[in-house]
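In case you want the letters, here they are:
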Amino acid sequence: MPLVAGVDSSTQSCKVVIRDAETGALVRQGRAPHPDGTEVDPRAWWDALLAAVEAAGGLADVVAVSVAGQQHGMVCLDGSGEVVRPALLWNDTRSADAARELIAEAGDGEAGRRFWADAVGLVPVASFTATKLRWLARHEPEHADRVAAVCLPHDWLTWRLAGAPGLAALRTDRGDASGTGYWSPATGQYRPDLLERAFGRVVEVPTVLGPAERAGVLDPAVLPGGPAAPVGAAGPGSGEILLGPGTGDNAAAALGVGAGPGDVVVSIGTSGTVFAVADTPAADAGGAVAGFADATGRFLPLVCTLNAARVLDSAATLLGVDLDELSALALDAPPGADGLVMVPYLEGERTPDRPTATGSVHGLTLRTATPAHLARAAVEGMLCALADGLDALVAQGATVERVILVGGGARSAAVRRIAPQVFGRPVVVPPPGEYVADGAARQAAWVALGGEQPPTWAVQDTEEYVAEPVPAIRQRYAEARDHVLDRVAPAGKPDEVGAPGE
Ligand SMILES: Nc1ncnc2c1ncn2[C@@H]1O[C@H](COP(=O)(O)OP(=O)(O)O)[C@@H](O)[C@H]1O
Ligand SMILES: O=C(CO)[C@@H](O)[C@H](O)COP(=O)(O)O
């Protein structure tokens, strides 16, 4: 019974699962929180990873580990491998102007967008790493001058697990490389010209591994307590713990739920994502669909919103209730909340590209000014933004036979029951779980066991939620969604309009 570990280093926390490599049975798990904010010192992720590993009972008996992580975050290293500045995360919008510049430099209007979509499968927005590098070069030249290598959160954590063996040993995978803006999913090659265009020069980037290639071996000295004597058949017969290539968290979720043709996954975490596994790369010049690669050698067209589970957190805070009470309140109000609409741009928005937008509430009347109506409007607004994403995915050729709902927000009964009304189709919900970490574990098992395909793990029982579609919810949301105000600078900080997270 060889065991494998999967890590999910996501925005809000780090989760570790230990599973049986052959059957996928869950053996143990652990988690630890991440700091708040849209720029984070990567060392905090490392500390959380060690804490989560410890909570999961350690790694001494596993044969392989893979790390999945939040996508796009810019981790800059100097020549000696030290972190140059805190990482800018996927939800940090300060590079919105840099994104606009990069598009304009590539051509006027549609031509600039088409250039990027054809070159790397995506149109720059503040989330993508290339725009963050442009921001760094423009705003912090002293930091930019020190950068010798740039990598992503999961690349850096994998490298640390290997003992940080020099910049040339940095490794990544297709899934996460495809979110940088300087790697092409269509060709499988870096675009150093675009890296140079963004940053002003070329720096070291991680080698891109195939789906089940080894990234190295774990250095036991990096774990608490120092070197651990490997137990059992570590790294099949070698006594070593193998490191998988890892991947971005959404590609890992696809692997974790076993998404196949016709499946669209809707993940409600810090981000809201809607994605499908595809055989051909996407190149949407409209920019709604990012043409990522997946973790199996295929592709992962994906729409991402900046506002998902935290919309529910904020609504609960506003109403002074917990998440279960918020859910009960939302289900007390009628579908459509009698016309009350929440446009949930609390962190600005990425899809649509409104980095400085704020949220708004429309349709207040004496009748709709109740906690239940506001709770319902929050759930519906968040789901409407994702329904727009689903439409965008379909417009790019995705077929939808099944919608699978995952992520922390799927733990809300209101979300599960209202989603089919908003999406206009049933949704299936696997049991609450850590599907990103599971996908990473499945990749680790693939690396350890070999083979053309990842091991087949038992399919989880899913629950199906069916409801009569209520098109009026989306019609009303469509009337409201462009009527929002832009962010104002916090008092005394006039330069910070558009900076997130205050
Ligand atoms: N019962 C619940 N109802 C609504 N939201 C929930 C519930 N349980 C957890 N969440 C939310 O899920 C979010 C975390 O989800 P997760 O998928 O782990 O995020 P991430 O991967 O971005 O770190 C938190 O914002 C949390 O409030
Ligand atoms: O930017 C994206 C996808 O393009 C986000 O999905 C991040 O990958 C963060 O994910 P979560 O922490 O919300 O799971």
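Everything numeric in this text was worked out from a predicted model, so none of it was measured. (Residues numbered from 1 in each chain as written. Chains lettered and ligands numbered in written order. Predicted model: local features only at pLDDT ≥ 70, side-chain atom pairs only at ≥ 80, totals over all residues. Heavy atoms only, no water.)

Asks: Give a description of the nonpolar core that names residues and reports values.
Replies: Of all hydrophobic cores here, the largest spans 93 residues; its most connected members are L59, V65, L77 and W156. The dominant element in this core, judged by the number of residues it contributes, is helix α1 (residues 42-55), at seven residues. Lining this core are residues from two domains, each supplying at least three of them: domain 1 (3-248) and domain 2 (258-426 + 466-487). Setting aside anything within four residues of it in sequence, one finds L59 in contact with A5, I18, V53, V65, L218, L223 and I241. (Core = buried A, V, L, I, M, F, W, Y, C linked by side-chain atoms within 4.5 Å. Buried < 20%, exposed > 50% of the residue type's maximum accessible area, 1.4 Å probe, protein only. Helix = DSSP H or I, 4+ residues; strand = E, 2+ residues; numbered from the N terminus. Domains from an automatic or database assignment. Contact = heavy atoms within 4.5 Å.)

Asks: I'd love a proper account of the site of ligand 1, names of residues and values included.
Replies: Near ligand 1 you find 16 residues, and of these Q12, K15, T270, D313 and G408 are the closest. One of the side-chain nitrogen or oxygen atoms of D313 is found 2.5 Å away from an oxygen atom of ligand 1. Between ligand 1 and G408, the relevant distance is 3.0 Å, taken from an oxygen atom to a main-chain nitrogen or oxygen of the residue. Contact with the protein chains hides 81% of the accessible area of ligand 1, taken as 590 Å² for the molecule alone. Sorting the residues of the shell around ligand 1 by element identifies β2 (13-20) and α10 (309-319) as the ones contributing at least two each. Ranked by residues supplied to the shell around ligand 1, first place goes to α10 with three residues. A per-class count over the shell around ligand 1 returns three nonpolar, 10 polar and three charged. (Near = heavy atom within 4 Å. Polar contact = N/O pair within 3.5 Å; in protein donor to acceptor, adjacent residues only side chain to side chain. Areas by Shrake-Rupley, 256 points an atom, 1.4 Å probe, with all protein chains shown as cover. Nonpolar A, V, L, I, M, F, W, Y, C, P; charged D, E, K, R; others polar.)

Asks: Can you tell me about the UniProt feature "active site" (unreviewed entry) in the chain, naming the residues and giving the values?
Replies: As recorded in UniProt, the feature "active site" (unreviewed entry) lies at D249. Counting through the fold element by element, D249 comes out in helix α9 (residues 249-257). Excluding anything up to four places from it in sequence, D249 contacts D8, S10, A68, G69, Q70, Q71 and V436. (UniProt positions renumbered as here; feature names shortened; annotations may be inferred.)

Asks: Hey, could you go over the pattern of salt bridges for me, with residue numbers and the actual values?
Replies: Going through the model one piece at a time under the given rule, you end up with 28 salt bridges. In this structure, E347 and R310 form a salt bridge, with 3.9 Å as the shortest nitrogen-oxygen distance. Here R310 lies in helix α10 and E347 lies in the loop between β20 (341-343) and β21 (360-362), a separation of 37 residues in the sequence. With a relative accessible area of 13%, E347 lands in the buried category. For R310, a relative accessible area of 23% corresponds to the partly exposed category. Among the salt bridges present, the one from E434 reaches R411, with a minimum N-O distance of 3.6 Å. With E434 in the loop between β23 (427-429) and α14 (435-449) and R411 in the loop between β22 (402-406) and α13 (413-423), this residue pair connects regions lying 23 residues apart in the sequence. Given a relative accessible area of 47%, R411 falls into the partly exposed group. Each of D8, K15, R31, R411 and E434 takes part in a single network of salt bridges with overlapping partners. (Salt bridge = Lys/Arg side-chain N within 4 Å of Asp/Glu carboxyl O.)

Asks: Please provide a residue-by-residue account of helix α15 (residues 471-480), values included.
Replies: Because an α-helix packs 3.6 residues into every turn, residues spaced three or four apart end up facing the same way. Those residues of α15 lying buried are I473, Y477 and A480. Along the axis of α15, the buried positions cluster into a sector of 60°, meaning they face one direction only. Set apart from the buried face of α15 by more than 90 degrees, the exposed residues are P471, Q475 and E479. Here the buried face of α15 lies against β20, β21, α12 (371-395) and α13. (Arc of directions from axis to C-beta.)

Asks: Quick rundown of empty space enclosed by the protein? Include the residues and the values.
Replies: Inspection of the entire model under this criterion finds three cavities of 30 Å³ or more. Space inside the largest cavity adds up to approximately 60 Å³. Lining the largest cavity, in full, are V123, V125, F128, G287, A288, V289, A290, L302, V303, C304, R350 and T351. At three residues, strand β19 (residues 299-305) tops the list of elements feeding residues into the lining of the largest cavity. Here the lining of the largest cavity is composed, by residue class, of nine nonpolar, two polar and one charged. Taken domain by domain, the lining of the largest cavity gets at least three of its residues from each of domain 1 (3-248) and domain 2 (258-426 + 466-487). (1 Å grid on protein atoms, 1.4 Å probe; cavity = no way out; pocket = protein on both sides within 12 Å on 5 of 7 lines; lining within 4 Å. Points joined across faces, edges and corners; volume = space filled by probe spheres on them.)

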